[in-house]
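Residues per chain are reported as follows:
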Amino acid sequence: MVSIKYVLIVLRADDQGEGGTFAVYSLLSRYANIVRRDPREERTIKMERALSVDLKPTSRSTRSLLEHSGFLKTLLKIIGVLGVSLVMSDGVLTPAQSVLGAIQGLKVVKEDISTATIVGTSCGILILLFLIQPLGTSKIASAFAPVVMIWLIFNMSFGIYNLVHFDHSVLKAFSPYFAGDYLVRNKTDGWRSLGGILLAFTGVEALFADLGAFSRSAIQLSWLCFGYPCLLLAYIGQAAYISKNPAAYSNPFFNSTPPGMFYPSLVVAILAAIVASQTMITATFQLLSQIIKLSYFPQIKVVHTSKIFHGQIYIPWINWLLMVGTIVVTAAYNNTTKLGEAYGVCVILVTFITTSMVSLVAIIVWHIPLPIVLLGFLVFGLLDGLYLSSALTKVPDGAWFTLALAVLLCSIFILWRYGKENQWRAEAADRMPMSHLFNTGSSQDGSSLTGSNPSQQPFHLTPALGGAIISPIKGLGVFFDKTGDPVATPVVFIQFLQKLQAAPAVAVFFHIQPMSKPTVNRANRFTVSRCFPDFNTHPLVQDFFRVTLRHGYTDQVVTPDIGMVIYEEIRKFIICENAVRKDNSSQDETSSSEQAESGNISSDSESTIPTKARQRRATMHGVQQRLDRVEAAYKDQVTYVVGKEQMRIREGSNAKSWLRRMFLAAFLWLRENTGSKVANLNVDVDKLVEIGFVKVV
């Protein structure tokens, strides 16, 4: 289950270094058109969809079936999100189960210790664990790594000691015969008992999800060469001890400690329980960041805690919710026996989901022949199904809680995604090129912006946008463009024109593009282009620019002086733009001179040389004029303009419309209560303008 399936196979199904069930879904979405993407992220996604002719018939037919079946695409989406929800649901129980189990070891030496003392101590340790999360995975791991190593060495040593001193015949359990004989002898009871050993491998999904915080080779090496041998010897030693002392099964680790090692092992066990809890907390952060990236959850604050590993993150809001949930669960269940009934069902269900999705990856991404994939699916799928069927018998005894929590989380994720897809469809109608925005002259026929004398022509919106004449206003306007489409016009600018019937002297469509690395070099951070490359445009729009700011997750980019930074970048662009034109002109002159020296140039062509010199002087004068216009606009005022989009649900009378309205109403409520973009902008509020508009969804 762990060594072969996860460590050797599943870990290879990562999505650009990210692990977890949803990462597998994201990987599939890059190799097949099975998902509608956020327009803001669409151009940054690295699609690797192979041509149909390059695929084997099995891979081609499987991909085609997924891409053309709406039902299968929806089912795959729900399964992917459900996998995340199940792991996060069990993540509430893992810290409680781990820490509570370690503290309960005190009952071995002090049987009259009260439940309140155990629960209170456990809650105190858990609160401390969540309080140190802002330190980041790297710093926490530096302190925890020695603890894990000591814990595993203790387990290995105790296992060897018990194996030598008690019953070495338990080594016969390596034979599959005895496993089959056990199930045959105990029948239904034997099958039910399989649900009791889930704790031996419920950390596998956390191991996969933590792939973003650690490398694959590090996980494989540490597990196969150290973790697995130590735990194997520990379980063998406990079995040897229990075979001679059957009553020890109630708490096998503490009951089987060698003489004089109880208290050292208790301390290390508590510390190791904290580490186990940290693993699930880190996995929860990883999984949530993945679903945020694919628009299944609102954009909440994510803090990157490492400049080396992109996946090492901390999410404050989720950290405190997890803490509250874990404390409540610890107090409510108050012992590991009750928690054990609720624990493990979700993770074993996720392992089955992972088996199914990795099988699709093997066919579509890895191009493995279908018979081999089916054989692997049958082996691992039957094993998952055997444990899952046994674990489901615990649903009435407490596992219903984690399943109900998983369904609730899944519903929230799907609801948010449904609302976002409706929002994208409503916003798509507003995406239009600049050439479809304005008209010049008295006609309303959508003629070009260019003309014989554009400065004397009236300038107005197209009839579709109201046809109002646009007046110039002083200043530099920075319009925040959330999509960054190099062709389309930002919605906030269109709304600005329609409502104010004016345009700033210099308009900047400013798009912020986050990158998956710690920092972006200042020289490569900005990209500037003109909205209208032709200089013979109407004076009102000749100084319209697009500025894209690429930044890493440790860069602080939107600062109070961002207006000055944008102004400087535009100045550099205008100067560099002229240098490029000058180089082209110099090449033309060099060609003319070479022709003159060779005698292959006419007298008419000779007269073009002084003409080009005059053109250069005119160009330099034009560059200075453009620089002066931008400087004057910057000195007049800098205004930051953001859009405030409100949504109104389309009316409907039938049952389907009422259901749709109910879902969208819930989405809008979530949207309105997940923060304001204006509140998060670190700019001078006196220069900030918010343009409100309504979209019908």
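Residues numbered from 1 in each chain as written. Predicted model: local features only at pLDDT ≥ 70, side-chain atom pairs only at ≥ 80, totals over all residues. Heavy atoms only, no water.

1. Quick notes on the pattern of salt bridges
Okay, step 1: Overall, the coordinates contain 12 salt bridges when judged by the stated rule.
Okay, step 2: A salt bridge links arginine 671 to glutamate 672, with the nearest nitrogen and oxygen atoms 3.9 Å apart.
Okay, step 3: Using a relative accessible area of 18% as the deciding quantity, one classes arginine 671 as buried.
Okay, step 4: Overlapping salt bridges bring together Lys482, Glu645, Arg671 and Glu672 as one network. (Salt bridge = Lys/Arg side-chain N within 4 Å of Asp/Glu carboxyl O. Buried < 20%, exposed > 50% of the residue type's maximum accessible area, 1.4 Å probe, protein only.)

2. Details of the confidence of the model for the chain
Okay, step 1: Per-residue pLDDT for the chain averages 80, and the proportion of residues at 70 or more is 85%.
Okay, step 2: For the chain, the element scoring lowest by mean pLDDT is helix α19 (residues 603–606), at 48; strand β5 (residues 471–480) scores highest, at 90.
Okay, step 3: This stretch, residues 442–451, has a pLDDT under 50; its non-local contacts, to residues over four places away or in other chains, come to 23 contacts.
Okay, step 4: Across residues 601–606, confidence stays below pLDDT 50; counting only partners more than four residues off in sequence or on other chains, it has four contacts. (pLDDT = per-residue confidence, 0-100. Helix = DSSP H or I, 4+ residues; strand = E, 2+ residues; numbered from the N terminus. Contact = heavy atoms within 4.5 Å.)

3. Remarks on empty space enclosed by the protein
Okay, step 1: The full count for this structure, using the stated rule, is two cavities of 30 Å³ or more.
Okay, step 2: Roughly 40 Å³ of internal volume is contained in the largest cavity.
Okay, step 3: In terms of lining residues, the largest cavity is bounded by Asn155, Phe158, Gly159, Asn162, Ala234, Gln238, Phe253 and Ser256.
Okay, step 4: Taken together, the elements giving at least two residues each to the lining of the largest cavity come down to α6 (137–165) and α9 (216–244).
Okay, step 5: The leading source of residues in the lining of the largest cavity is α6, at four residues.
Okay, step 6: Residues belonging to the lining of the largest cavity are distributed by class as follows: three nonpolar, five polar and no charged. (1 Å grid on protein atoms, 1.4 Å probe; cavity = no way out; pocket = protein on both sides within 12 Å on 5 of 7 lines; lining within 4 Å. Points joined across faces, edges and corners; volume = space filled by probe spheres on them. Nonpolar A, V, L, I, M, F, W, Y, C, P; charged D, E, K, R; others polar.)

4. Section: the sheet that holds strand β10 (residues 688–696)
Okay, step 1: What the six strands build is an open sheet, ordered β7-β8-β6-β5-β9-β10; its pairing is mixed. Edge positions in the sheet fall to β7 (526–530) and β10, since each of these pairs with one other strand and no more. Averaged over all neighbouring strand pairs, the angle between strand axes comes to 25°, with direction disregarded.
Okay, step 2: Direction of pairing for β5 relative to strand β9 (residues 638–648): parallel, over a ladder of four bridges. Along β9, the bridge assignment pairs phenylalanine 479 with valine 641. (Pairing = 2+ DSSP bridges. Axes fitted to C-alpha atoms, helices over the stretch in contact; angles between N-to-C directions.)

5. Section: the packing of aromatic side chains
For any pair of aromatic rings, geometry is given as the distance between the ring centres together with the angle between the planes.
Okay, step 1: Taken as a whole, this structure holds 26 aromatic pairs when the rule is applied.
Okay, step 2: On the basis of an interplanar angle of 85° and a centroid distance of 5.5 Å, the ring pair of phenylalanine 493 and phenylalanine 544 is categorised as edge-to-face. Residue phenylalanine 493 is located in helix α17 (residues 491–500), and its partner phenylalanine 544 is located in strand β8 (residues 544–551); the two are separated by 51 residues in the primary sequence.
Okay, step 3: Directly above the aromatic system of tryptophan 658 lies the positively charged group of arginine 661, at a separation of 5.8 Å from the ring centroid. (Phe/Tyr/Trp six-rings, centres within 6.5 Å; stacked < 30°, edge-to-face > 60°. Lys NZ or Arg CZ within 6 Å of the ring centre and 35° of its normal.)

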